[in-house]
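Listed here are the chains, written in short residue letters.
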Amino acid sequence: MEVAVVTGLSGAGRSTAAKCLEDLGWFVVDNLPPELIATMVELGAQARGAITRVAVVMDVRSRAFTDDLAAVIKDLDARGYKPKVLFLEATDDVLIRRFEAVRRGHPLQGDGRLADGIEAERVLLTPLREEADLVLDTSALSVHQLRNKIEDTFGSEAAARTRVTVLSFGYKYGLPMDSDLVMDVRFLPNPFWIPELREQTGLDGDVRNYVLTQEGAEEFLDRYHELLRLIGAGYRREGKRYLTLAVGCTGGKHRSVAISEELAARLANEDGMAVKVVHRDLGRE
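Residues numbered from 1 in each chain as written. Predicted model: local features only at pLDDT ≥ 70, side-chain atom pairs only at ≥ 80, totals over all residues. Heavy atoms only, no water.

A few points about the nonpolar core
Among the nonpolar cores identified, the biggest contains 48 residues, and Leu21, Trp26, Ile37, Leu76, Leu88, Ile150 and Phe154 are the most heavily contacted of them. Not counting the four nearest positions on each side in its chain, Leu76 is found in contact with Val3, Ile37, Ala38, Val41, Tyr81, Lys82 and Pro83. Judged by nonpolar contacts, the second largest core, of 24 residues, contains Val207, Ala217, Leu245 and Ala264. (Core = buried A, V, L, I, M, F, W, Y, C linked by side-chain atoms within 4.5 Å. Buried < 20%, exposed > 50% of the residue type's maximum accessible area, 1.4 Å probe, protein only. Contact = heavy atoms within 4.5 Å.)

Right, here's the structure in full:
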């Protein structure tokens, strides 16, 4: 069981860190009372492998926050879990701008000024900052840069991959609503009009060979594959971890299925991509 504790100054990026950890496959619990953290970790350890990475995001809404959390971290360490503590911070002027942008007060501000709340929190969290395994100053970091740093620290190579779903479909049944990119392969001759191929699908060798040997098919796949390399690299830089590529023909039975299988096979050899194929409309005709 891997355990991480994410804490730090309000407005320094805890929510972004939590979302990033979820994308990396961590089970994330936000603002769990410190006295329940050890119980949460123990329950995860008993989940028969269903939960292997737990991250707890903590803030200062509890007045006993620092003492309780320090005790919990020490307790987890004694139990052998060795929690990794991430502390996020930023300069006062940056935090003030962020709070003003969302028009929210600081949790420790009370009747005072925003700067007073930030200063009180900084003093309160000093002991935790000194014990943290990783301190990140997010003042000059974009959301994407922060995600990249968290991925470098907490992500495995597999978790950091872009998860690509190649989805074949038939235009007669409508466009997939969750598609990021749509590829139309109706420019290729339709095997439906070949009597011996009509009842077969794009998963059958005869149909596959027919589709892939048509004029323009190989060139189309080569160029689209190259385009997807560029898109995939850009998505990873921007922190996008899921991509649905829809491939459509008339009925979703022949051309789109064959092209989807071939394209997925090519993408599976790319670094940074985990690929699966779904044939939405196969069997509807």
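There is more to say, and it comes next.
A short note on the sheet that holds strand β8 (residues 242–249)
The parallel open sheet is built from four strands, whose spatial order is β7-β8-β6-β9. Every interior strand has two partners, whereas the edge strands, β7 (181–184) and β9 (273–279), have only one. Adjacent strand axes in the sheet meet at a mean angle of 20° when their direction is disregarded. Relative to β9, strand β6 (residues 162–170) runs parallel, the two being bridged by seven bridges. Paired with Arg163 across the strands is Ala274, a residue of β9. Its contacts with the sheet put helix α9 (residues 217–237) on β6, β7, β8 and β9, and the angle it makes with β7 is roughly 180°. (Pairing = 2+ DSSP bridges. Helix = DSSP H or I, 4+ residues; strand = E, 2+ residues; numbered from the N terminus. Axes fitted to C-alpha atoms, helices over the stretch in contact; angles between N-to-C directions.)

Description of the domain arrangement of the protein chain
If you check the domain split of the protein chain, you get domain 1 (2–158) and domain 2 (161–279). Placing a centre on the C-alpha atoms of domain 1 and another on those of domain 2 gives a separation of 41 Å. Domain 1 puts seven residues into the contact, and the matching count from domain 2 is eight residues. Here domain 1 and domain 2 share an interface that buries about 660 Å² over both sides, 31% of which is from carbon and sulfur atoms. If you look at where domain 1 meets domain 2, you find zero salt bridges. Where domain 1 meets domain 2, there are zero residue pairs in polar contact (both at pLDDT 80 or more). Ranked by residues supplied to the side of domain 1 that touches domain 2, first place goes to helix α6 (residues 143–154) with four residues. Looking at side-chain class alone, the side of domain 1 that touches domain 2 contains one nonpolar, two polar and four charged residues. (Domains from an automatic or database assignment. Buried area = accessible area lost by both parts, 1.4 Å probe. Salt bridge = Lys/Arg side-chain N within 4 Å of Asp/Glu carboxyl O. Polar contact = N/O pair within 3.5 Å; in protein donor to acceptor, adjacent residues only side chain to side chain. Nonpolar A, V, L, I, M, F, W, Y, C, P; charged D, E, K, R; others polar.)

Some details on the UniProt feature "binding site: ATP" (unreviewed entry) in the protein chain
Annotation from UniProt places "binding site: ATP" (unreviewed entry) at Gly8, Leu9, Ser10, Gly11, Ala12, Gly13, Arg14 and Ser15. Along the chain, Ser10 falls in the loop between β1 (2–8) and α1 (14–23). Looking at Ser10, its side chain comes within polar contact range of the side chain of Glu121, at 2.8 Å. Excluding residues that lie within four positions of it along the chain, Gly13 makes contacts with Leu88 and Leu146. (UniProt positions renumbered as here; feature names shortened; annotations may be inferred.)

Brief notes about the environment of Tyr173
Tracing the sequence through the fold places Tyr173 in the loop between β6 and β7. Residue classification places Tyr173 among the partly exposed positions, given a relative accessible area of 27%. Sequence-distant contacts of Tyr173, that is, excluding residues within four places in its chain, are made with Gly251, Arg280, Asp281, Arg284 and Glu285.

Thoughts on the packing of aromatic side chains
Under the defined criterion, the tally for this structure stands at five aromatic pairs. Geometrically, the ring pair formed by Trp26 and Phe154 is edge-to-face, given 5.8 Å between the ring centres and 85° between the ring planes. Residue Trp26 is located in the loop between α1 and β2 (27–30), and its partner Phe154 is located in helix α6; the two are separated by 128 residues in the primary sequence. The pair Trp26 / Phe154 is uniform in exposure class, with both members buried. One aromatic cluster is present, formed by Phe187, Phe220 and Tyr224 through successive ring pairs. If you follow Lys84 out to its NZ or CZ, it ends over the ring of Phe154, 5.5 Å from the centre. Of note, Arg284 hangs over the ring of Tyr173, and the distance from its end group to the ring centre comes to 4.0 Å. (Phe/Tyr/Trp six-rings, centres within 6.5 Å; stacked < 30°, edge-to-face > 60°. Lys NZ or Arg CZ within 6 Å of the ring centre and 35° of its normal.)

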